[in-house]
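Observations on the three-dimensional arrangement
Below, each chain spelled out in residue letters.
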Amino acid sequence: MDCFIDVPEDIAKYVKSKNAEEAIAELKMENARKRKLTNMSKEAQGKLFNMMDQHPKGPEVGLRSILTQDAYAIANNSNIEYRQKALQGIAESYIPELKQKLSTTKLGFDRDKQLGRDFIKAIFGDTEGNPIASRLAKEWQGASDFIRERYNKFGGNIGKLDYGYIPQSHDRVAVQKANKDEWVAFIQPLLKNSDDVDLNYIYDTIATGGLNKVKEGSVGKGKSIANKNADPRILHFKNADDWITYQEKFGNADPLASIDNHIRSLTTDMSMMEILGPNPNHMFETLKTKASKDMIGKNGKEWSSYTDSLYAVVSGKVDNDLKGIGLLGPTAQTLRAVNTATMLGS
């Protein structure tokens with residue numbers, strides 16, 4: 001008898017790859033985690049509904065005060081914009097020397113490239129070559145641990161790696177200019193996990209800014225941000241030289257730029273999870289529906305697209321949307337490094 005009839009193929013394949021006891025134990029843990037996330041979402045929804053109902057200017061203005069500073073200076077609740085700035089500040093407080101040593105000088109036209117290379121090597125385990133680089137690597141580890149632990153506290157699922165890791169950036173324009181086969185052939189031998197990721201899918205994600213994930217006509221709830229950075233579609237390079245080789249051709253060889261992008265992206269996700277719950281996109285749609293219903297028949301008020309625009313900004317969606325990026329102009333569009341969802345490690 002086949003016990004996997006009507007079971008999704010990916011789950012059946014995963015369970016079959018394990019021994020029975022191990023597979024059952026892991027599935028039980030995952031089910032328990034899902035129940036925890038559901039409870040966290042319910043608790044957040046109750047608090048958010050209350051914030052919206054209490055705002056004297058109405059539910060939509062109340063919702064805006066959850067996203068950013070209240071324009072009427074009435075609300076006293078936390079908002080996503082200010083929470084993100086605070087979290088980013090805390091994360092950067094772990095890396096003061098790193099930011100000082102690896103920042104550009106001479107109005108942005110010069111940086112210590114050799115120290116940058118030594119820093120990357122220290123991340124990957126070469127701690128004897130340059131003592132300054134080793135100190136910077138320890139700072140980065142401290143920032144990584146803070147973000148991982150805080151992220152997981154509010155429903156995230158970032159694992160701690162047993163090897164050095166630094167995020168990478170991808171220049172979307174450079175990736176677009178290369179065809180898929182060329183890009184895959186270039187990056188595949190540089191990765192330690194090339195057999196575990198779908199490089200064709202990753203190419204499409206980078207080249208389209210993530211639009212390949214959007215189904216036509218769908219009003220997506222989106223993947224839970226709590227699970228986003230545990231995604232197996234994450235690139236792990238074999239060593240420092242391989243990381244540098246890829247960044248010089250398809251990314252940004254400046255490690256501080258990659259780290260800055262990474263911290264900004266992760267603290268944005270964290271701020272949204274801490275205020276909207278583990279699935280912020282779904283929660284925003286829920287709050288939007290509530291506000292729209294509450295406004296029916298009240299002084300002719302209707303939902304404003306301005307609120308959608310606010311959410312696009314505070315959630316970072318503008319950076320990943322081709323139309324939004326187009327507003328920045330061709331120069332910014334060319335220079336933008338698209339930061340992938342990446343896992344913080346040791």
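Residues numbered from 1 in each chain as written. Predicted model: local features only at pLDDT ≥ 70, side-chain atom pairs only at ≥ 80, totals over all residues. Heavy atoms only, no water.

Before going further, it helps to examine the pattern of salt bridges. Following the criterion strictly, the structure yields 16 salt bridges and no others. Between glutamate 92 and lysine 99 there is a salt bridge, and its shortest N-O distance comes to 3.9 Å. Judged by relative accessible area, glutamate 92 falls into the partly exposed class, the value being 23%. Relative accessible area serves as the criterion here: at 23%, lysine 99 is assigned to the partly exposed category. Salt-bridge contacts for glutamate 97 lead to arginine 135; the nearest nitrogen and oxygen are separated by 2.6 Å. Taken together, the positions of glutamate 97 in helix H5 (residues 96-102) and arginine 135 in helix H7 (residues 131-153) put the pair 38 residues apart, joining distant regions of the chain. (Salt bridge = Lys/Arg side-chain N within 4 Å of Asp/Glu carboxyl O. Buried < 20%, exposed > 50% of the residue type's maximum accessible area, 1.4 Å probe, protein only. Helix = DSSP H or I, 4+ residues; strand = E, 2+ residues; numbered from the N terminus.)

A few words now on the side chain of aspartate 260. Here aspartate 260 is to be found in helix H13 (residues 255-276). A distance of 3.1 Å separates a polar atom in the side chain of aspartate 260 from a polar atom in the side chain of lysine 99. For aspartate 260, the contacting residues outside a window of four places in its chain are Glu92 and Lys99. (Polar contact = N/O pair within 3.5 Å; in protein donor to acceptor, adjacent residues only side chain to side chain. Contact = heavy atoms within 4.5 Å.)

Leu98, Phe119, Trp183, Leu199 and Leu276 are the most contacted members of the largest nonpolar core, which totals 66 residues. The element contributing the most residues to this core is H13, with nine residues. Beyond its immediate chain neighbours, meaning those up to four positions away, leucine 199 contacts Trp183, Val184, Ile187, Gln188, Leu191 and Leu235. (Core = buried A, V, L, I, M, F, W, Y, C linked by side-chain atoms within 4.5 Å.)

Moving on, we come to the packing of aromatic side chains. Two descriptors summarise a pair of aromatic rings, namely the distance from one centre to the other and the angle between the planes of the rings. A full pass over the atoms with the stated rule returns seven aromatic pairs. Measuring from centroid to centroid gives 6.4 Å for tryptophan 183 and tyrosine 246, while their planes differ by 80 degrees, and the two rings are edge-to-face. Placement of tryptophan 183 in helix H9 (residues 180-187) and of tyrosine 246 in helix H12 (residues 240-250) is noted, with a sequence separation of 63 residues between them. Overall, tyrosine 246 belongs to the buried group, its relative accessible area being 0%. Here the aromatic rings of tyrosine 246 and phenylalanine 250 are separated by 5.7 Å at their centres, their planes lie at 35 degrees, and the arrangement is tilted. Linking tyrosine 246 with phenylalanine 250, this pair stays in helix H12, spanning four residues, or about one helical turn. Taken together, the aromatic side chains of Trp183, Phe186, Tyr203, Phe237, Tyr246 and Phe250 make up a single cluster linked through ring pairs. Between the NZ or CZ atom of lysine 249 and the centre of the ring of phenylalanine 186, over which it lies, the distance is 5.6 Å. (Phe/Tyr/Trp six-rings, centres within 6.5 Å; stacked < 30°, edge-to-face > 60°. Lys NZ or Arg CZ within 6 Å of the ring centre and 35° of its normal.)

Right, let's talk about the side chain of asparagine 79 for a bit. Structurally, asparagine 79 can be placed in the loop between helix H3 (59-67) and helix H4 (80-92). For asparagine 79, a relative accessible area of 7% gives the class buried. Side-chain polar atoms of asparagine 79 contact the backbone nitrogen of glutamate 81, separated by 3.3 Å. Setting aside residues up to four positions removed in sequence, asparagine 79 forms contacts with Ser65, Ile66, Leu67, Thr68, Gln69 and Ile275.

A few words on unusual backbone geometry. The backbone phi angle of alanine 73 is positive, close to 55 degrees, even though this residue is not glycine. Structurally, alanine 73 can be placed in the loop between H3 and H4.

Attention now goes to helix H2 (residues 20-54). With 35 residues, H2 should cover 51 Å at 1.5 Å per step; its first-to-last C-alpha distance of 52 Å lies within 8% of that length. For H2, the full list of buried residues reads Ala23, Arg33, Leu37, Ala44, Leu48 and Met52. (Expected span 1.5 Å × (residues − 1).)

If pLDDT is low for a region, its predicted coordinates should not be looked at in detail. Per-residue pLDDT for the protein averages 82, and the proportion of residues at 70 or more is 79%. Mean pLDDT in the protein bottoms out at helix H17 (residues 330-335), which sits at 30, and peaks at H4, which reaches 97. Contacts of residues 216-220 to residues separated by more than four positions or lying in other chains number zero contacts, the stretch itself having pLDDT below 50. Predicted confidence is poor over residues 320-346, with pLDDT under 50, and the contacts of this stretch with residues over four places away or in other chains come to 69 contacts. (pLDDT = per-residue confidence, 0-100.)

Here glutamine 54 lies in helix H2. The exposure class of glutamine 54 is exposed, given its relative accessible area of 57%. Spatially, the C-alpha atoms of glutamine 54 and alanine 75 are 8.7 Å apart, while their sequence positions differ by 21 residues.

So, on to the packing of H3 against helix H15 (residues 305-314). It is the contact of H3 with H15, at a shortest axis distance of 10 Å, that shows an interaxial angle of 15 degrees. When the axis of H3 is compared with that of H15, the two are roughly parallel. Along this stretch, H3 crosses H15, giving a crossing that reads as left-handed. Across the interface between the two elements, Glu60, Leu63, Arg64 and Leu67 from H3 touch Tyr306, Thr307, Leu310, Tyr311 and Val314 from H15. (Axes fitted to C-alpha atoms, helices over the stretch in contact; angles between N-to-C directions. Parallel < 35°, antiparallel > 145°, perpendicular 65-115°, else oblique. Left-handed = near helix turned anticlockwise from the far one by under 90°.)

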